[in-house]
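# Inside the fold
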Amino acid sequence: MNLARPSLLRGVALAALACAAGAAQATITVSTSLAGFTTAAGGTVSTDSFSNLTINQSLNTLTTSRTAGALGYALSSSSLSTDTVNSPSGLYVAPVAGNIAITTQWYADTLTLNNFASPVKAVGANVFGTNILGELATLALTIKATDVNGLTLTTTSAGSSISGFVGFVSDVPLASFVVSATAPSTDRYVTLDNVVLAAAPVPEPASWLLMLAGAAAVLSLGKRRRA
């Protein structure tokens, strides 16, 4: 009779559970400076400044595919317009103090970054308000990040400066970054510029092997108990 094997299986199973517990305790942190965000993200980030877009035009869509360096993502507007003839929801390219920014076409709509083509651990942008002319206009904003496990973190911004930055860094890949008006105003629009992303690290093979071994150990122990 081999009495060592069950103990070994239990050890592997406990190690795997410890790895899973570490993932379950993942956290999201917020940064209001690009420098702090970059440091927290590991020092390497990619930026989409919308430089290939033409100002003062509608994109005639609710969603557009974009890239920040090699990192692909989707930028979307919600669809809350109650005047779909004269002011339909959508994305608009605005000139803001010499910069190129993306804004909503309907005052109550939100802007969302999601559908990342590869896992990202950090998402940020300059967020602020604009008026119908595309000029900077103070608008209190609420920004929420959600990771792939459903964990969320919400923060706010005065939305009064084109350099106002909000970014989130997570221990696990992020799923979305949503910017909304805290109190929508009919002459103010949610706007963002300079989307910044950082790739999530690829788990080491040893970590995957440990978790797979742990799962096998748990199954084996279960079969022994039933036997």
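Because the structure is a prediction, the values reported are computed rather than measured.

## Quick notes on the confidence of the model for the chain
- On average, residues of the chain carry a pLDDT of 86, and 78% of them reach 70 or more.
- Below pLDDT 50 for its whole length, residues 11-23 participates in 14 contacts with residues either more than four positions away or in separate chains.
- Under a pLDDT of 50 for its full length, residues 206-215 has, in the predicted model, 10 contacts with residues more than four places off or in other chains.

## Quick notes on the nonpolar core
- Of all hydrophobic cores here, the largest spans 31 residues; its most connected members are Y73, L113, L192 and L197.
- Of all elements in the fold, only β5 (71-77), β6 (91-96), β8 (111-114), β9 (120-130), β10 (141-147), β12 (165-170), β13 (174-181) and β14 (189-199) reach the threshold of two or more residues within this core.
- Non-local contacts of L197, meaning those with residues more than four positions away in its chain, are made with V45, S46, A68, L71, Y73, F116, V120, A122 and V123.
- Core analysis: the next-biggest nonpolar cluster, separate from the first, contains 7 residues, A41, A122, F165 and A198 among them.

## Structural notes on the packing of aromatic side chains
- The tally for this structure, following the rule as stated, stands at 3 aromatic pairs.
- Here the aromatic rings of F37 and F165 are separated by 5.3 Å at their centres, their planes lie at 70°, and the arrangement is edge-to-face. One end of the pair, F37, is in helix α2 (residues 34-40); the other, F165, is in strand β12, and 128 residues separate them in sequence.
- On the accessibility criterion, F165 (7% relative accessible area) is buried.
- Geometrically, the ring pair formed by W106 and Y107 is tilted, given 5.0 Å between the ring centres and 45° between the ring planes.
- According to the relative accessible area criterion, Y107 is partly exposed, its value standing at 23%.

## Comments concerning the pairing of strand β7 (residues 99-104)
- Bridging between β6 and β7 involves 6 bridges; their strand directions are antiparallel. Paired with L91 across the strands is T104, a residue of β7.
- Hairpin connection, β6 to β7: the antiparallel pair is bridged by 2 residues, and A97 has positive phi, about 50°.
- Across 2 bridges, the pairing between β7 and β14 is antiparallel. The partner of I102 across the bridge, within β14, is L192.

## As for the environment of N114
- The residue N114 is located in strand β8 in this model.
- When the C-alpha atoms of N114 and A145 are compared, they prove to be 10.0 Å apart, with 31 residues separating the residues in sequence.
- Excluding residues within four positions of it along the chain, N114 makes contact with Y73, A74, S76, A175 and S176.

## Re the sheet that holds β10
- Taken in spatial order, the 6 strands line up as β4-β5-β8-β13-β10-β11 in an open sheet, and their pairing is antiparallel. The two strands at the open ends of the sheet, each matched to only one other strand, are β4 (63-68) and β11 (152-157). Adjacent strand axes in the sheet meet at a mean angle of 20°, parallel and antiparallel pairs treated alike.
- One ladder, built from 6 bridges, connects β10 with β11; its direction is antiparallel. Bridging across to β11, T146 finds its partner in T152.

## Observations concerning the pattern of salt bridges
- Summed over the entire model, instances satisfying the criterion amount to 2 salt bridges.
- One salt bridge connects R66 with D48, and the closest N-O pair in it is separated by 2.9 Å. Linking R66 in strand β4 with D48 in strand β2 (residues 46-48), this pair joins segments that are 18 residues apart in sequence.
- Residue R188 pairs with D187 through a salt bridge whose shortest N-O separation is 3.2 Å.
- Look at R188 and you get partly exposed, because its relative accessible area is 24%.

## Examining unusual backbone geometry
- One non-glycine residue, N60, adopts positive backbone phi at about 55°.
- Take N60: it is sitting in the loop between β3 (57-58) and β4.
- In this model, N115 sits at a positive phi of 50°, which is unusual for a non-glycine residue.
- Tracing the chain through its elements places N115 in the loop between β8 and β9.

Definitions and cut-offs
Residues numbered from 1 in each chain as written. Predicted model: local features only at pLDDT ≥ 70, side-chain atom pairs only at ≥ 80, totals over all residues. Heavy atoms only, no water. pLDDT = per-residue confidence, 0-100. Contact = heavy atoms within 4.5 Å. Core = buried A, V, L, I, M, F, W, Y, C linked by side-chain atoms within 4.5 Å. Buried < 20%, exposed > 50% of the residue type's maximum accessible area, 1.4 Å probe, protein only. Helix = DSSP H or I, 4+ residues; strand = E, 2+ residues; numbered from the N terminus. Phe/Tyr/Trp six-rings, centres within 6.5 Å; stacked < 30°, edge-to-face > 60°. Pairing = 2+ DSSP bridges. Axes fitted to C-alpha atoms, helices over the stretch in contact; angles between N-to-C directions. Salt bridge = Lys/Arg side-chain N within 4 Å of Asp/Glu carboxyl O.

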